[in-house]
Amino acid sequence: MSTHRYHQHFTVSWDQLHRDVRELCHRLIERDFKGIVAITRGGLIPAALIARELNVRLIDTVCIKSYDHMGQGGLEVMKGVDHDGDGWLLVDDLVDTGKTARKVREMLPRAHFVTVYAKPEGRPLVDQYLTEVAQDCWIQFPWDMGIAYVEPLVDQVKR
Ligand SMILES: O=P(O)(O)OC[C@H]1O[C@H](OP(=O)(O)OP(=O)(O)O)[C@H](O)[C@@H]1O
Ligand SMILES: O=c1[nH]c(=O)c2nc[nH]c2[nH]1
Ligand SMILES: [Mg+2]
């Protein structure tokens, strides 16, 4: 995979992310979970917000790395869990190609797997997601961005 597969950006603000996670929680409220397994690092923030809404205190992690910015490398599992996910909620920020999700599903086949955003290739691997995003769209998360000064238009155009 290379950066060339992404032709659009979908920028998510902290506010938007918070609203989206809360909406996802509305759809999970009828279920009871033993705990939450967050897929690091992207799943940590949605997992914390979900834990707050659903009053879950037991939180574990699967530590996994596959992307270095937009380039996807080999998949490295740095930490697993010692159960099959039965009764647990498994959380990631998004599914893209589904490579991460496929690996984690193998590790926790009985978990209920949710993501906030899902692209078509990865979508069949999750049990629930909130928003579908085009496959060629890079989701820009708020933790990867900063507030920067923007020059007034007249200075950009007329200088
Ligand atoms: O469906 P895929 O093509 O596998 O991509 C989705 C995964 O990629 C990102 O994680 P990344 O490996 O970049 O690590 P991070 O969560 O630490 O940012 C994202 O958080 C998902 O876990
Ligand atoms: O910040 C991210 N945005 C994405 O669209 C994406 N796809 C895989 N990994 C990703 N990370
Ligand atoms: Mg991740």
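Worth saying up front: this structure is predicted, and the values here are computed from it rather than measured. (Residues numbered from 1 in each chain as written. Chains lettered and ligands numbered in written order. Predicted model: local features only at pLDDT ≥ 70, side-chain atom pairs only at ≥ 80, totals over all residues. Heavy atoms only, no water.)

**Observations regarding the UniProt feature "binding site: 5-phospho-alpha-D-ribose 1-diphosphate" (unreviewed entry) in the protein**
Step number 1: Per the UniProt annotation, the sites labelled "binding site: 5-phospho-alpha-D-ribose 1-diphosphate" (unreviewed entry) are Arg41, Gly42, Asp92, Asp93, Leu94, Val95, Asp96, Thr97, Gly98, Lys99 and Thr100.
Step number 2: Tracing the chain through its elements places Gly42 in the loop between β2 (35–40) and α2 (44–54).
Step number 3: Relative to the elements of secondary structure, Val95 occurs in strand β5 (residues 88–95). (UniProt positions renumbered as here; feature names shortened; annotations may be inferred. Helix = DSSP H or I, 4+ residues; strand = E, 2+ residues; numbered from the N terminus.)

**Some thoughts on the site of ligand 1**
Step number 1: Inspection of the region around ligand 1 gives 16 residues, with Arg41, Asp92, Asp93, Thr97 and Thr100 positioned closest.
Step number 2: A distance of 2.7 Å separates an oxygen atom of ligand 1 from a polar side-chain atom of Arg41.
Step number 3: Here an oxygen atom of ligand 1 sits 2.6 Å away from a polar atom, N or O, in the side chain of Asp93.
Step number 4: Here ligand 1 loses 89% of its free accessible area of 500 Å² to cover by the protein chains.
Step number 5: Secondary structure elements with two or more residues in the shell around ligand 1: β3 (59–68), β5 and α3 (99–107).
Step number 6: No other element matches β5, which puts 4 residues into the shell around ligand 1.
Step number 7: Considered class by class, the residues forming the shell around ligand 1 number 3 nonpolar, 7 polar and 6 charged. (Near = heavy atom within 4 Å. Polar contact = N/O pair within 3.5 Å; in protein donor to acceptor, adjacent residues only side chain to side chain. Areas by Shrake-Rupley, 256 points an atom, 1.4 Å probe, with all protein chains shown as cover. Nonpolar A, V, L, I, M, F, W, Y, C, P; charged D, E, K, R; others polar.)

**With respect to the UniProt feature "binding site: xanthine" (unreviewed entry) in the protein**
Step number 1: Per the UniProt entry, the sites bearing "binding site: xanthine" (unreviewed entry) are Asp96 and Ile139 in this numbering. The annotated residues occupy 44 residues of the chain but converge on a single region, no pair of C-alpha atoms lying more than 9.6 Å apart.
Step number 2: Considering the arrangement of structural elements, one finds Asp96 in the loop between β5 and α3.
Step number 3: Of note is the side chain of Asp96, whose polar atom sits 2.7 Å from the side chain of Tyr6.
Step number 4: Residue placement: Ile139 occurs in strand β8 (residues 137–140).
Step number 5: Residue Ile139 is classed as buried on the basis of its relative accessible area, which comes to 4%.
Step number 6: Excluding its chain neighbours within four sequence positions, the residues that come into contact with Ile139 are Phe10, Val12, Leu94, Tyr117, Lys119 and Val133. (Buried < 20%, exposed > 50% of the residue type's maximum accessible area, 1.4 Å probe, protein only. Contact = heavy atoms within 4.5 Å.)

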